[in-house]
Amino acid sequence: MNTGFGLEEAVREARAATGVPGVAAGLLRDGETVFVADGVLELGRPLPVRAETPFRIASITKPFTATLCAATVGVDERLRALLSHTAGLRCESADALPPAAKGLWSYSNAGYWEAGAACGAPLDAAMRAQVLEPLGLAATGFAEPDYPARGHVQEGETGHRAVRVDSYPVARWASGGLWSTAGDLLRFAAHHLDGAPAALHEPQAAALGAHYALGWWVRLHADGSTTLDHEGSVAGYQSLLLLVPAESVALVVLTNSWRGSGLVRRVVESLGLLSRAREATDAPEQIEGAYELDGVEASISRTGAGVAVSEAETDPVTGTRRSLRYPARPIGDGVYAFAGGTLMSHRLDFPRPGLARVGWVALPRRAR
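Residues numbered from 1 in each chain as written. Predicted model: local features only at pLDDT ≥ 70, side-chain atom pairs only at ≥ 80, totals over all residues. Heavy atoms only, no water.

Asks: Honestly, the side chain of Thr18 in this entry has me stumped. Any pointers?
Replies: Residue placement: Thr18 occurs in helix H1 (residues 7-18). For Thr18, a relative accessible area of 14% puts it in the buried group. Among the polar contacts listed, one links the side chain of Thr18 to the backbone oxygen of Ala14, at a separation of 2.8 Å. Excluding residues within four positions of it along the chain, Thr18 makes contact with Arg259, Gly262, Leu263 and Arg266. (Helix = DSSP H or I, 4+ residues; strand = E, 2+ residues; numbered from the N terminus. Buried < 20%, exposed > 50% of the residue type's maximum accessible area, 1.4 Å probe, protein only. Polar contact = N/O pair within 3.5 Å; in protein donor to acceptor, adjacent residues only side chain to side chain. Contact = heavy atoms within 4.5 Å.)

Asks: Whenever I open this one, the sheet that holds strand E17 (residues 321-332) confuses me. Can you help?
Replies: Overall, antiparallel pairing links the eight strands, which are arranged E14-E15-E16-E17-E18-E19-E20-E21 in an open sheet. Sheet topology places strand E14 (289-293) and strand E21 (361-364) at the edges, where each strand pairs with a single neighbour. Ignoring strand direction, the axes of neighbouring strands in this sheet form an average angle of 30°. The sheet contact formed by strand E15 (residues 296-303) and strand E16 (residues 306-314) spans seven bridges and is antiparallel. Bridge pairing links Thr303 to Gly306 in E16. (Pairing = 2+ DSSP bridges. Axes fitted to C-alpha atoms, helices over the stretch in contact; angles between N-to-C directions.)

Asks: What should I look at first to understand the packing of helix H2 (residues 61-72) against helix H4 (residues 109-117) in this one?
Replies: Each pair of packed helices gets described by two things: the angle between the helix axes and the distance between those axes. Contact geometry of H2 with H4 gives a least axis separation of 10 Å together with a crossing angle of 30°. Taken as a pair, H2 and H4 cross one another with a handedness that is left-handed. Listed contacts from H4 to Lys62, Thr65 and Cys69 of H2 are Asn109, Tyr112, Ala115 and Gly116. When its residues are assigned to classes, the contact of H2 with H4 shows three nonpolar, three polar and one charged. (Left-handed = near helix turned anticlockwise from the far one by under 90°. Nonpolar A, V, L, I, M, F, W, Y, C, P; charged D, E, K, R; others polar.)

Dropping the structure here:
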């Protein structure tokens, strides 16, 4: 992997290309760190983003919760299933997945609520005592900090609208409630590069052309390298924490926009930290149709060698309905991807007839 391309150039070019209001990024390499910040905390209020600006990190909270479980109660069979999204729970409730999805990997915030509850109450005190304070993460926590970057959701086709009310329910904290900074996240990454229990990084289930461990995606690349990563997306924030263990490299990119994944992808590709998914022509049969589960909807139609995808879901914090439309192409093993499939959020697959994993959730085909 080539990490020689400068972080500052990558971040500023990516922000210019995407129009994201604000971004803070950091790169750890050879024991040294470099940080870049660009843009504003909120459109219309031109306070600049700084390297120490806190952002909501959303589901990047999940490796923190897995780390807390390992440090407190250990990881028994039940916790392993919860932390690897293989406990058979729906995304937003402890109800069982539909029979068509039984035994499959399917992303579940509810599983992390149960896992967090097992680690001691209240969760914020346990997280602070067992993870944040031992690792020196003073800028990370569940309480809203002073002068954070404000999330922005889409306004019209190309605009942004700041999220004025941003209250993350306590019951959801374990799955995505943390605020943090680029510096704290690189310190957390350093712990996982050298010091965290190896069991947290062991693959537990295959999905979307990769594997999921305990709070981390695990990817084996064509050059033999392995990466660990997790994205976060909620309330107008999109972010990534990425580790390259063999090279002791870590990257964090934090944005305050629902279009932030485009910026994140450009930075990752500029730095050469993730291989783009290979192009392939294999494709499962009979995948067209409408898929739905608990308010998450997707429509799949064929377009030559690929598919056209429409998906919609409701943000759990703001209540905003988010819709996406994109073309996707097969990249092998029944996986489809858009934007090259560099980020795991840019992938979908069809693990069984009549079932699609879109937005990381297993969705049964809607009966006609």
